[in-house]
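Residue-level structural notes
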Amino acid sequence: ETLGLDDKGLNIGNLETNPDIDIHVDPEDFYKHFAVLAQTGAGKSYLTGVLIEELLEDDFPIVILDPHGEYSSLQYPNPENEEEQRSYDIKEYSPNTEINPEALPLRFSSLNLSKKEIMTLIPDSLTNSQMGVLYNALKRLKDKDEGYGLLDIEDAVSQEDSTAKWNLLNYLEQLEESGLFSKDPIDLKDLVEPGRATIINLRAVEPEATEMTAYMLAKKLFELRKKNKIPPFMMVMEEAHNFVPEKGFGQTLSNDIMRKIASEGRKFGLGIGVISQRPARIDKNVLSQCNNQFILRVTNPNDLKAISKSFEGINSEVESMIKSLPPGVCFALGNEYPVMTAVRTRKSKH
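So, here's what we can say about the structure. For clarity, every value in this text was computed on a predicted model and none was experimentally measured. (Residues numbered from 1 in each chain as written. Predicted model: local features only at pLDDT ≥ 70, side-chain atom pairs only at ≥ 80, totals over all residues. Heavy atoms only, no water.)

Here's the deal with helix α6 (residues 207-226)
Every α-helix carries 3.6 residues per turn, so stepping three or four residues along brings you back to the same face. With 20 residues, α6 extends 28 Å between its outermost C-alpha atoms, agreeing within 8% with the 28 Å of an ideal straight helix rising 1.5 Å per residue. Within α6, 14 of the 20 residues are buried, which leaves it mostly tucked inside the rest of the structure. Directly after α6, the chain includes Asn228, whose backbone phi takes a positive value near 60 degrees. (Helix = DSSP H or I, 4+ residues; strand = E, 2+ residues; numbered from the N terminus. Expected span 1.5 Å × (residues − 1). Buried < 20%, exposed > 50% of the residue type's maximum accessible area, 1.4 Å probe, protein only.)

Given below as structure tokens:
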């Protein structure tokens, strides 16, 4: 009672000093976003696996951006947990099914892409002349009143007189070659299913395609959620510093939309999970929106500074304890006090 602990909710482990006291987290708080931060080897992915298991058991839908393909093991029981083994319902997609053959191909609709979407997907800023060429080409296609795909846009651009069209054509060809766009795309509503984890396996996917995937998924799923066409869900980003980097650490396609979800998502029932070993490289506005934080061992001074700036309740005493946490022990912030928690054993395979 003194620590303000609940006796129900997601069971993530026990009080480090007393194995009889379980630590629970309110699942509804997860729509206010959560963060798991730790240096490599401290147990970050393991704890994230525990949180995902608990959310799935509570029937939450989860979409995981998984750069290393490490969450597929949720579908197998943990052979090392004799007391409680369990497998979970997962569905896996990937932009690269050659390297990830167990995944379904992830393809977005290439029909009727807007000028803004094309400009966002192109890695460099377009010049005024290129924007003019694109605007004219799209206007002609829209006037025909038929659906148009990427190849139609390329044709329309190639018919323009301006010399600015050549670089633009090159960019459009790169989009076509990325293999992410198709006239026969997946139905994005299939990605969000209560009690199931949809894993977007990005192992061995090129950085540009990874960025496009994160941007398109976040944008389209947020739109569907706002229109109530999919249930409330959680979007978990492993290696989050690559999707929402802090200023000075590069800019990615997904930066703006992820910031928007961090500030507005909770109103619409879309929570994000920010998982990273480099807290100093994550956009601090996104980090400070995470109401539930789970911090394992961190020793890098810049990362410690980023954590204490983003979260209330971290004083110098807690900071020095974070530096010396053993693997598998985290500070859970979100209750009245930071609680030192020994993370429970996973039910599924790590």
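Describing the side chain of Glu92
Mapped onto the elements, Glu92 comes out in strand β5 (residues 90-94). Buried charge Glu92 goes without a salt bridge, the closest partner of opposite sign being Arg203 at 6.4 Å. Within the structure, Glu92 has its side chain in polar contact with the side chain of Asn201 (distance 2.8 Å). Residues within four places of Glu92 in sequence aside, it is in contact with Ser72, Glu102, Ala103, Leu104, Ile199 and Asn201. (Lys, Arg positive; Asp, Glu negative; His and termini not counted. Salt bridge = Lys/Arg side-chain N within 4 Å of Asp/Glu carboxyl O. Polar contact = N/O pair within 3.5 Å; in protein donor to acceptor, adjacent residues only side chain to side chain. Contact = heavy atoms within 4.5 Å.)

Observations concerning empty space enclosed by the protein
Applying the stated criterion to the full structure yields 1 cavity of 30 Å³ or more. A volume near 40 Å³ is recorded for the largest cavity. Ile23, His24, Val25, Asn292, Phe294, Ala332, Leu333, Gly334 and Asn335 are the residues that line the largest cavity. At the level of elements, β2 (18-25), β12 (292-295) and β13 (329-333) are the ones that each hand at least two residues to the lining of the largest cavity. Per element, the largest residue contribution to the lining of the largest cavity is 3 residues, and it comes from β2. (1 Å grid on protein atoms, 1.4 Å probe; cavity = no way out; pocket = protein on both sides within 12 Å on 5 of 7 lines; lining within 4 Å. Points joined across faces, edges and corners; volume = space filled by probe spheres on them.)

A short note on the sheet that holds strand β11 (residues 270-276)
Taken in spatial order, the 12 strands line up as β2-β1-β14-β13-β12-β3-β11-β10-β4-β9-β5-β6 in an open sheet, and their pairing is mixed. Among the strands making up the open sheet, the edge pair consists of β2 and β6 (104-105). Relative to β11, strand β10 (residues 233-238) runs parallel, the two sharing 6 bridges. If you follow Glu238 over to β11, its bridge partner there is Ile275. Running over the sheet, helix α7 (residues 255-264) touches β4 (62-66), β10 and β11 and is turned about 120 degrees from β11. (Pairing = 2+ DSSP bridges. Axes fitted to C-alpha atoms, helices over the stretch in contact; angles between N-to-C directions.)

So, the pattern of salt bridges
Applying the stated criterion across every chain, the model contains 19 salt bridges. Note that Asp143 and Lys139 form a salt bridge whose closest N and O atoms lie 3.5 Å from each other. You can see Asp143 and its partner Lys139 sitting in helix α3 (residues 128-143), 4 residues apart, about one turn around the helix. Connected via shared salt-bridge partners are Glu53, Glu54, Arg344 and Arg346.

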